[in-house]
Structures are given as structure tokens and as C-alpha cells.
Amino acid sequence: MLSGTWILDDVRYENNQGMFKAVLFNDADAICFEGSNWFFRDNNSTGRYTIQQGSLCQGGDRFIRWSVVSNPANYTNQLQFKFIDEKRNDVSGGLGYRLNIAQLTDTQMTLKSNVTVDNKPVTLVYEFTKQ
């Protein structure tokens, strides 16, 4: 169900209060990801996300290799990805990211990642709609 094109409609924060400014995936501010276009190709586990150019955002395509990792101990699945170039070569020295798949239907996807801010937990929530 992950294969195809998704729009990241919203990035929000749970489990903490206050104003947050986050750089996601060591790439761009969270606000730059809202409205970004994500494409997942399942036959070779590659894809990309595209950020729109703006005054605060460096637009363009970011190519990724992705997979879904199952954790049978707690019945959860995670989307993991790392950055690749146009020739599918790793460009991040093996560094990657994992997001918990909180919901996945034919038309909606919610991913979550847990981070710490000032020694307090914060959950980043990514809400997608399939195109």
C-alpha cells in the first residue's frame, strides 16, 4: 500500500507544549515539508521526496532507498530510508531514518518519530494523503 505518490499534508508535534522549530532528516525546516510530494516505488525500493522552492526552503528532489521493517516484539512496522543519488548510490555513508507507521490505509498514512527536546520527549507526526 505504500507504493505510489503521497502528499505530506501536515507535520505536527505531540507529547509536549511550546513552539518548536525542527530540521527534519538533516535537510530542511519542518515547515518546508508541508505540501511536499513523496513517491515510493516498490519494485526496487527507491523513491524521492520533492520540496517546493520558497524563501525558507531549498526546493528540489531528494532521492531515497526505502524499506519497511517489522518488529514482531511489539507488532509495529517502521518505514526506513536513506539518501541516494540519481544512480542509486548511497550518499549518506549508511546514515538513515526510521519512522513508526502509526496508520496506513489506501488513502491515508500517519508516520511518527520520537525525539528529545530539552530532555523531554516529543513525537513528530507526519500526516500523508495518497494521490
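Each remark here, short or long, concerns the structure printed above.
About the cut-offs
- Residues numbered from 1 in each chain as written.
- Predicted model: local features only at pLDDT ≥ 70, side-chain atom pairs only at ≥ 80, totals over all residues.
- Heavy atoms only, no water.
- Salt bridge = Lys/Arg side-chain N within 4 Å of Asp/Glu carboxyl O.
- Helix = DSSP H or I, 4+ residues; strand = E, 2+ residues; numbered from the N terminus.
- Buried < 20%, exposed > 50% of the residue type's maximum accessible area, 1.4 Å probe, protein only.
- Contact = heavy atoms within 4.5 Å.
- Pairing = 2+ DSSP bridges.
- Phe/Tyr/Trp six-rings, centres within 6.5 Å; stacked < 30°, edge-to-face > 60°.

Caption draft 1: Seen up close, the pattern of salt bridges. Inspection of every chain in the model, using the stated rule, returns five salt bridges. Here Arg12 ties to Glu127 by a salt bridge, and the two come within 2.9 Å at their closest N and O atoms. Placement of Arg12 in strand β1 (residues 4-14) and of Glu127 in strand β10 (residues 120-130) is noted, with a sequence separation of 115 residues between them. For Lys112, the salt bridge identified is with Glu14, shortest N-O distance 3.4 Å. In this pair, Lys112 sits in strand β9 (residues 108-117) while Glu14 sits in strand β1, placing the two residues 98 residues apart along the sequence.

Caption draft 2: Quick look at the side chain of Thr110. The residue Thr110 is located in strand β9 in this model. Judged by relative accessible area, Thr110 falls into the buried class, the value being 6%. Setting aside its immediate chain neighbours within four residues, Thr110 contacts Asn100, Ile101, Ala102, Gln103, Val125, Tyr126 and Glu127.

Caption draft 3: Main features of the pairing of strand β7 (residues 76-84). Both strand β6 (residues 60-71) and β7 contribute to a ladder of nine bridges, which runs antiparallel. Across the sheet, the residue bridging to Val68 is Leu79, located in β7.

Caption draft 4: Fine view of the packing of aromatic side chains. For the structure shown, the criterion picks out 17 aromatic pairs. Seen from their ring centres, Phe25 and Tyr126 are 5.9 Å apart, and the 20° between their planes marks the pair as stacked. Placement of the pair is Phe25 in the loop between β2 (23-24) and β3 (28-29) and Tyr126 in strand β10, with a sequence separation of 101 residues. With a relative accessible area of 3%, Tyr126 lands in the buried category. Centre to centre, the rings of Phe33 and Trp38 are 6.5 Å apart; their planes meet at 35°, and the pair counts as tilted. Like Phe33, the residue Trp38 is buried in the burial classification. Taken together through their ring pairs, the aromatic side chains of Phe25, Phe33, Trp38, Phe40, Tyr49, Trp66, Phe81, Phe83, Tyr97, Tyr126 and Phe128 make up a single cluster.

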